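Descriptive structure summary
Listed here are the chains, written in short residue letters.
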Amino acid sequence: MTNSFLLDGEEVPFTPGQTVMQAASAAGKYIPHLCWHPDFAAHGSCKLCTVKIGGRFATACTTRAAAGQEVENGTEELIAKRRTLLQLLFVEGNHFCPSCEKSGNCVLQATAYEMGMLSPHFDHFYPDRAVDASHPDVLLDFNRCIMCELCVRASRDVDGKNVFALSGRGAKSHLIVNSESGRLADTDFAATDRAAEVCPVGVILRKRVGFAVPIGQRDYDAKPISQKAVEKLADSEKEAG
Amino acid sequence: MSFELETATVASDNLRRVAIDPVSRVEGHGKVTILLDEHNKVHQVRLHIVEFRGFERFIQGRPYWEVPVMVQRLCGICPVSHHLAASKALDVIVGADRLTPTAEKMRRLMHYGQILQSHALHFFHLSSPDLLFGFDSEVSRRSIVGVAEKYPDIARKGILLRKYGQEVIRHTAGKRVHGTGSVPGGVNKSLSGAERAELLKDAYQMIAWSRDAVRIIKELHEQNPALYDSFGTFPSNFMGMVAPDGSLDLYHGVLRAKDAAGRILFDHVDYQTYDTLITEEVKPWSYMKFPYFTSMGPEQGWYKVGPLARVQNCDSIPTPFAEHERRELVAYAGGKPMHATLGFHWARMIEMLFAAETIKALLHDDDIEGTDLVVTGERRREGVGVIEAPRGTLFHHYQVGDDDLVTMANLIVSTTNNNQAMNSAVREVAKQYLDGKEITEGLLNHIEVAIRAYDPCLSCATHALGKMPLEVTLLDAEGQMLDRKYKS
Ligand code: SF4
Ligand code: FES
């Protein structure tokens with residue numbers, strides 16, 4: 001048997017060891033995701049990449065591709081589920097798109113559009129989360145954290161600093177900064193760290209940038225994330241040679 | 001899993017972004033209480049504006065560069081005014097004492113686009129039905145739809161004038177609502193050649209139609225001077241911003257005030273010092289504060305802001321057609337200031353003409369295609385930004401910590417500046433039109449017309465676009481309720 005599987009009826013090749021997500025992305029196919037990033041180990045926490053493999057739900061970012069698999073991705077059933085997951089994320093934090101400087105560059109927002117989410121549907125939690133502005137160059141606005149732990153992985157695995165961690169359980173989980181004071185200024189975090197640019201939403205922000213790039217000229221303004229995500233991956237592979 | 005009404009059927013660009021937005025619009029309303037004395041004469045009239053409060057707190061703790069975008073949520077009609085007033089305050093914070101010519105002109109263009117669209121909306125959509133059909137005419141006719149049936153040409157011009165203003169905003173702010181064009185220290189875009197050409201195409205038509213609009217309101221005054229000169233008329237001081245040379249400038253300048261007789265009270269005041277000039281009085285019966293000139297005290301020191309104040313406060317208007325019309329208004333008033341409530345509409349249309357002429361001039365200036373957009377300088381901790389918003393002087397005042405978060409915000413919106421004046425206008429109208437112990441439809445309508453001359457819908461305070469829920473309560477000398485009417 002050749003190394004390929006069917007994604008919504010289309011053949012997708014893979015190399016052994018690849019996950020469904022990796023193989024699909026390499027083949028230019030978009031599977032919605034939030035906590036997955038091609039440069040980091042899969043995390044499997046957001047469940048947005050949920051697909052159906054042989055009729056059973058599985059997260060594409062953690063499931064190995066196997067020859068002959070039949071994977072459903074773009075079905076109305078799965079999109080509706082993803083929409084609900086997104087709505088839960090929106091009400092759990094304080095997401096305020098019209099005045100958020102990440103608007104147009106935000107993976108959460110772009111994915112919500114992609115999935116056809118037009119209202120948050122659930123009651124808002126309005127959690128009380130403080131902003132950490134202690135660092136001279138970078139602002140942390142925890143209101144928008146979706147706990148994907150990309151920053152945790154980037155800081156630990158790439159920067160070797162361990163600046164971020166998740167703390168608490170269940171509905172009480174939240175992102176913390178690893179310093180005695182809990183303030184970013186009291187860590188060795190630097191604006192040049194990989195963790196400074198990995199956040200898919202508007203938590204980790206370079207200060208004083210704000211709206212320098214007009215709305216309308218941002219990543220997901222011209223193209224939907226399904227297209228943009230695939231292009232970004234292709235570009236980064238080109239760069240990597 | 002899918003929920004009922006989960007997916008809206010409309011998908012416009014505007015809707016998309018705003019849709020994912022947890023903050024529901026807080027609507028307030030105007031409440032009028034009229035107290036009679038023992039002879040059933042009007043003893044006391046109070047307009048309570050139920051304001052959406054707490055916005056200042058909302059801004060506190062936010063990074064300063066977010067503020068110009070965030071504050072646009074304050075007003076459904078003139079978000080751009082808040083966008084620019086906040087930007088101007090933050091220019092001071094980032095040390096941008098002089099913007100680049102491109103930034104300054106783009107902001108002006110945005111602002112005059114805003115004036116044009118808001119004034120067109122205010123006059124044609126919201127007020128012209130009252131003025132053209134009479135305050136007591138059938139409710140069903142008193143809308144822009146009614147105007148479109150009887151006076152299709154007027155309605156059409158009104159709608160297209162507003163639309164043009166919105167197009168100017170879209171090209172300068174990036175979007176028609178919640179634009180991001182103005183940033184601390186400048187702007188984030190200039191006009192492309194194509195955008196400039198597109199706007200220029202209709203610029204002259206807008207001037208012509210604005211001239212027609214001035215003529216309409218002027219004729220209404222001339223046809224019925226008894227009504228127009230006396231309706232809700234009361235003397236007061238007035239305040240507004242003027243250019244340093246005394247000419248009308250709605251974007252930037254110095255503060256000037258005149259008394260009821262037109263004598264200068266103060267002039268050339270740097271608005272950074274507004275808090276020494278103005279005191280905001282809190283009254284137990286109203287949520288909205290009552291500002292007054294500190295030196296004159298609360299009894300004497302209250303004032304009007306907005307078109308009628310501005311057009312009479314300045315020495316001249318720097319565009320030819322609007323200046324001509326200003327002189328006509330001054331001549332009509334006969335050498336002393338006009339204090340008629342309906343005079344606001346006349347002055348408003350003169351300003352709309354000024355805006356149209358200014359837009360044309362700016363579009364002819366090559367700087368608006370420039371690429372030098374932002375400047376910064378020495379960082380400061382405090383800044384005040386003032387703009388002449390469509391309905392009057394608007395103050396934004398911020399303090400920002402070294403960590404870039406806002407620590408203090410104080411806003412005086414146009415409606416608040418006019419709080420006492422609007423109360424006086426409603427008082428005059430109640431005196432003139434309250435007859436007996438009942439609140440008639442006619443009284444309700446007249447009160448509404450008076451408030452609308454200042455503020456079409458109390459929008460800064462209530463976030464309601466084009467709507468003005470109004471409640472009028474009549475109390476006798478013992479405080480017993482005689483009547484109550486509600487209108488939404
Ligand atoms: S800060 Fe950003 S990257 Fe880190 S966990 Fe939260 S959302 Fe993810
Ligand atoms: S992307 Fe697979 S679980 Fe988050």
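Counting from 1, residues in each chain are numbered in the order their sequence is written. Key to labels: chains lettered from A, ligands numbered from 1, both in the order written. Selection of residues for local features in this predicted model requires a pLDDT of at least 70, selection of side-chain atom pairs for listing and counting requires 80 or more, and totals for whole chains, interfaces and linings are taken over all residues. Only heavy atoms go into the side-chain values, all of them from the structure, while hydrogens and water stay out.

Focus on the overall build of chain A
Keep this limit in mind: The helix and strand labels rest on DSSP assignments: H or I over at least four residues marks a helix, E over at least two residues marks a strand, and numbering proceeds from the N terminus. Our radius of gyration looks at C-alpha atoms and nothing else; its globule reference is 2.2 Å times the residue count to the power 0.38. Whether a residue is buried, partly exposed or exposed follows from its accessible area with a 1.4 Å probe, protein chains only, as a fraction of its type maximum: under 20%, in between, or over 50%, in that order. Throughout, a contact is declared for two residues whenever any of their heavy atoms are within 4.5 Å. For the purpose of charge, His is not counted, nor are the chain termini; Lys and Arg are scored as positive and Asp and Glu as negative. We put the charge of a Lys on NZ, of an Arg on CZ, of an Asp on CG and of a Glu on CD.
In terms of regular secondary structure, chain A is built from 6 helices and 10 strands. Scaling as 2.2 N^0.38, a compact globule of 241 residues should have a C-alpha radius of gyration of about 18 Å, and chain A matches this with 18 Å. The principal-axis extents of the C-alpha atoms in chain A amount to approximately 55 × 40 × 40 Å. Relative to its full complement of 241 residues, chain A shows a buried share of 54%. For chain A, contacts bridging at least 24 residues in sequence account for 62% of all contacts bridging at least 6. With 26 positive and 30 negative side-chain charges, chain A shows a separation of 2 Å between the mean positions of the two kinds.

Structural notes on helix 7 (residues 152-173) of chain B
The α-helix advances 3.6 residues per turn, and as a result positions three or four apart in sequence lie on the same side. Short version of the rule: Here the expected span of a helix is defined as 1.5 Å times the quantity of residues minus one.
Look at helix 7 of chain B: 31 Å from first C-alpha to last across 22 residues, which is about the 32 Å you get at 1.5 Å a residue. Residue Gly-174 of chain B follows helix 7 of chain B closely and has a positive phi angle near 100°.

Here we look at the packing of helix 4 (residues 79-93) of chain B against helix 5 (residues 101-133) of chain B
All names here are of chain B. Quick note on the threshold: Axis angles are defined between N-to-C directions and span 0 to 180 degrees, where every axis is a line fitted to C-alpha atoms and, for a helix, only to the segment in contact. To sort the angles, those under 35 degrees are grouped as roughly parallel, those over 145 as roughly antiparallel, those from 65 to 115 as roughly perpendicular, and the leftovers as oblique. When the near helix sits turned anticlockwise from the far one by under a right angle, the crossing is termed left-handed; a clockwise turn instead gives a right-handed crossing. In the scheme used here, Gly and all other residues not listed as nonpolar or charged are polar, with Ala, Val, Leu, Ile, Met, Phe, Trp, Tyr, Cys and Pro taken as nonpolar and Asp, Glu, Lys and Arg as charged.
In contact at an axis separation of 9 Å, helix 4 and helix 5 are set at 150° when each is read in the N-to-C sense. Of the possible angle classes, the one that applies to helix 4 and helix 5 is roughly antiparallel. As for the relative orientation of helix 4 and helix 5, their crossing is left-handed in sense. Counted together, Pro-79, Val-80, Ser-81, His-83, Leu-84, Ser-87, Lys-88 and Asp-91 of helix 4 and Arg-107, Met-110, His-111 and Gln-114 of helix 5 form the full contact between these two elements. Split into classes, the residues belonging to the contact of helix 4 with helix 5 amount to 4 nonpolar, 5 polar and 3 charged.

A word on the layout of surface pockets
Over the atoms, a rolled probe matching the size of one water molecule traces out where space is still vacant. Residues and elements named next belong to chain A. Here is the rule we go by: Put plainly, a pocket is an open set of points on a 1 Å grid over the protein atoms alone with protein on both sides within 12 Å along at least five of seven lines, a cavity is a set where a 1.4 Å probe fits but cannot get out, and a lining residue has an atom within 4 Å of a point. Grid points are joined across faces, edges and corners, and a volume is the space filled by probe spheres set on the points. Marked domain ranges trace back to an automatic or database domain assignment.
Estimated volume of the largest pocket: approximately 1100 Å³. Surrounding the largest pocket, 37 residues form its lining, Val-107, Glu-197, Asp-219, Tyr-220 and Lys-232 being those nearest its centre. Where the lining of the largest pocket is concerned, the elements lending two or more residues are strand 10 (204-206), helix 5 (219-222) and helix 6 (225-240). For the lining of the largest pocket, the element with the highest residue contribution is helix 6, accounting for 6 residues. Composition of the lining of the largest pocket by domain shows at least three residues from each of domain 1 (4-81) and domain 2 (96-222). The space that makes up the second largest pocket amounts to roughly 570 Å³. Lining the second largest pocket are 26 residues; nearest its centre among them are Glu-92, Arg-129, Cys-145, Met-147 and Ser-173. At the level of secondary structure, the elements contributing two or more residues to the lining of the second largest pocket comprise helix 2 (76-92) and strand 9 (174-177).

Here's the deal with the site of ligand 1
The test is simple: Here a residue counts as near a molecule or strand whenever at least one of its heavy atoms sits within 4 Å of it.
Taken together, Cys-145, Ile-146, Met-147, Cys-148, Glu-149, Cys-151, Leu-175, Cys-199, Pro-200, Val-201 and Val-203 of chain A make up the full set of residues near ligand 1. Residue composition of the shell around ligand 1, grouped by class: 10 nonpolar, no polar and 1 charged.

Regarding the environment of Asp-91 of chain B
All names here are of chain B. What counts is decided by this rule: Think of a polar contact as two N or O atoms within 3.5 Å of one another; within protein, one of them needs to be a possible hydrogen donor and the other a possible acceptor, and neighboring residues in sequence only count if both atoms come from side chains.
Mapped onto the fold, Asp-91 is located in helix 4. With 25 residues separating them in the primary sequence, Asp-91 and Glu-66 have C-alpha atoms 13 Å apart. Residues contacting Asp-91, with those up to four places away along its chain left out, are Ala-96, Leu-99, Arg-107, Val-183, Pro-184, Gly-185 and Gly-186. Engagement of the side chain of Asp-91 in a polar contact is seen with the side chain of Arg-107, the distance being 2.7 Å.

Quick word on the environment of Ala-42 of chain A
Residues and elements named next belong to chain A. On the secondary structure map, Ala-42 appears in the loop between helix 1 (20-26) and strand 3 (50-53). Residue Ala-42 is classed as partly exposed on the basis of its relative accessible area, which comes to 39%. With 108 residues separating them along the chain, Ala-42 and Leu-150 place their C-alpha atoms 9.7 Å apart.

Notes on the UniProt feature "domain: 4Fe-4S His(Cys)3-ligated-type" (unreviewed entry) in chain A
Using the following cut-off: UniProt positions are given in the numbering used here, feature names are shortened, and annotations may be inferred rather than shown by experiment.
Within the UniProt annotation, "domain: 4Fe-4S His(Cys)3-ligated-type" (unreviewed entry) is assigned to residues 77-116 of chain A. Split by type, residues 77-116 of chain A is 60% helix and 0% strand. Its first and last C-alpha atoms lie 13 Å apart.

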